[in-house]
Amino acid sequence: MTNKTITPPISTARRRPLPAALLAVFMGLAACCGARADEPRPDAVPGGIALVQLRPSATEPTATYDGRQILVTGSAPLHWHAVVGIPLSAKPGRKYVQIESRGWHYSAPFDVHSKHYATEHITMKNKRMVNPTRADLRRIAKERDQIDGALSHWTPRPPDSLAFIVPLHGAVSSPFGLRRVFNGEPRQPHSGIDIAAPAGTPIVAPAAGKVIDVGDYFFTGNTVIVDHGEGLISLYCHMSVVKVIEGEDVSRGQILGEVGMTGRTTGPHTHWGVALNDTMVNPTLFFPSRTAFEEELKPPAAVGAND
Ligand SMILES: [Zn+2]
């Protein structure tokens, strides 16, 4: 751990109430230090998140990385962190966030470490989903622009929370970052998590936000995109039914739609993507640990016959 990268306190409050004494100590710490319990887990690798500590400032600094505005959390004057989404294509090495604070400009460094992602070979029976026709390609390009536009959306309102709940219960069928080869042809690495679940399983918003796009797209099928504020955006694909409309404010846990297999899929699942600063990052970093995410993901135990 360097002095530029901080490890946030692990939030357990969301899952289990803290004992009163511990809670009092924690509240005291929070008051003195302004640390947020719900910052994402830092993992400064391609597809991960860097938490970059910024200089003290009486007002919230503005941060940019690679020309894109960055989500800043914390509180005046001592504890400001830039929450930087690192592209899957990033090369390991030292990077810099550009900061502007009350007219002062400086660079805050952070280091990106290398990470190996596995390769997955997928056989698609529908060849058109691997090598679309010319008409399909025109449709795909148009839809790509619309989806990219939504993912790069910036709303100045900070997110209500950076700690997510799982959007559905199921099992990870394809993790984030996999290098994918469709019918022997390499394609973009997997920019989200696939969660397999029976068709009709409800998909909920993992945090409050506003629905900024609803569409039926060639690859992603019925898709919903939610803006949580300051460049934190989430998307949900392949739904059978969509239950929200564009412009709708959604609360944490509100149903967005149901699991289906519209678009490019080999079975019912939800592709869940999360973007920070127009960069797809690993959604599991918004949970206290990978294990906590997997525990929360498990379907609730079936109710016994005698219950
Ligand atoms: Zn996927």
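Before any of the text, the structure's been laid out above.
The numbers attached to residues start from 1 for each chain and follow its sequence in the written order. Residues qualify for local features only when their pLDDT is at least 70, as the model is predicted, and side-chain atom pairs are given and counted only at 80 or more; totals for whole chains, interfaces and linings, by contrast, use all residues. The side-chain numbers reported here are obtained from all heavy atoms of the structure, hydrogens and water having been left aside.

Peer 1: Can you break down the overall build of the protein residue by residue, with the values?
Peer 2: For helices the rule is a DSSP run of H or I covering at least 4 residues; for strands it is a run of E covering at least 2, with both sets numbered from the N terminus onward. For the protein, the helix and strand inventory stands at three helices and 19 strands. In the protein, buried positions account for 47% of the 307 residues. Restricting the contact set of the protein to residue pairs at least 6 apart, pairs at least 24 apart contribute 69%. To measure how exposed things are, a 1.4 Å probe is used in the Shrake-Rupley method; for residues, cover is taken only from the protein chains shown. Carbon and sulfur atoms make up 57% of the accessible area of the protein, which totals about 14900 Å². Burial classes follow relative accessibility: with a 1.4 Å probe on protein chains only, a residue under 20% of its type's maximum area counts as buried, one over 50% as exposed, and anything between as partly exposed. Working rule for contacts: check all heavy atoms of both residues, and any pair within 4.5 Å makes them a contact.

Peer 1: Just give me the short version of the coordination of the zinc ion, but keep the residues and values in it.
Peer 2: A donor here means an N, O or S atom no more than 2.8 Å from the metal, or no more than 3.2 Å when the metal is Na, K or Ca. Since water is not included, a site may seem to lack partners. Distances from the zinc ion to its protein donors, His 190 (NE2), Asp 194 (OD) and His 271 (ND1), fall within 1.9 to 2.1 Å. One chain supplies every donor for the zinc ion, spaced along it as H-x3-D-x76-H. Placement of the pair is His 190 in the loop between strand S10 (185-187) and strand S11 (193-196) and His 271 in strand S18 (residues 269-276), with a sequence separation of 81 residues. Take His 190 and His 271: they sit in the same class, and that class is buried.

Peer 1: Give me the lowdown on the pairing of strand S1 (residues 49-54), citing residues and values where you can.
Peer 2: Of all the six residues making up S1, five are buried; the element is thus mostly covered by neighbouring parts of the structure. The rule for pairing is simple: two strands pair if DSSP sees at least two bridges between them. As paired elements, S1 and strand S4 (residues 79-85) share six bridges and run antiparallel to each other. Bridge pairing links Ala 50 to Val 84 in S4.

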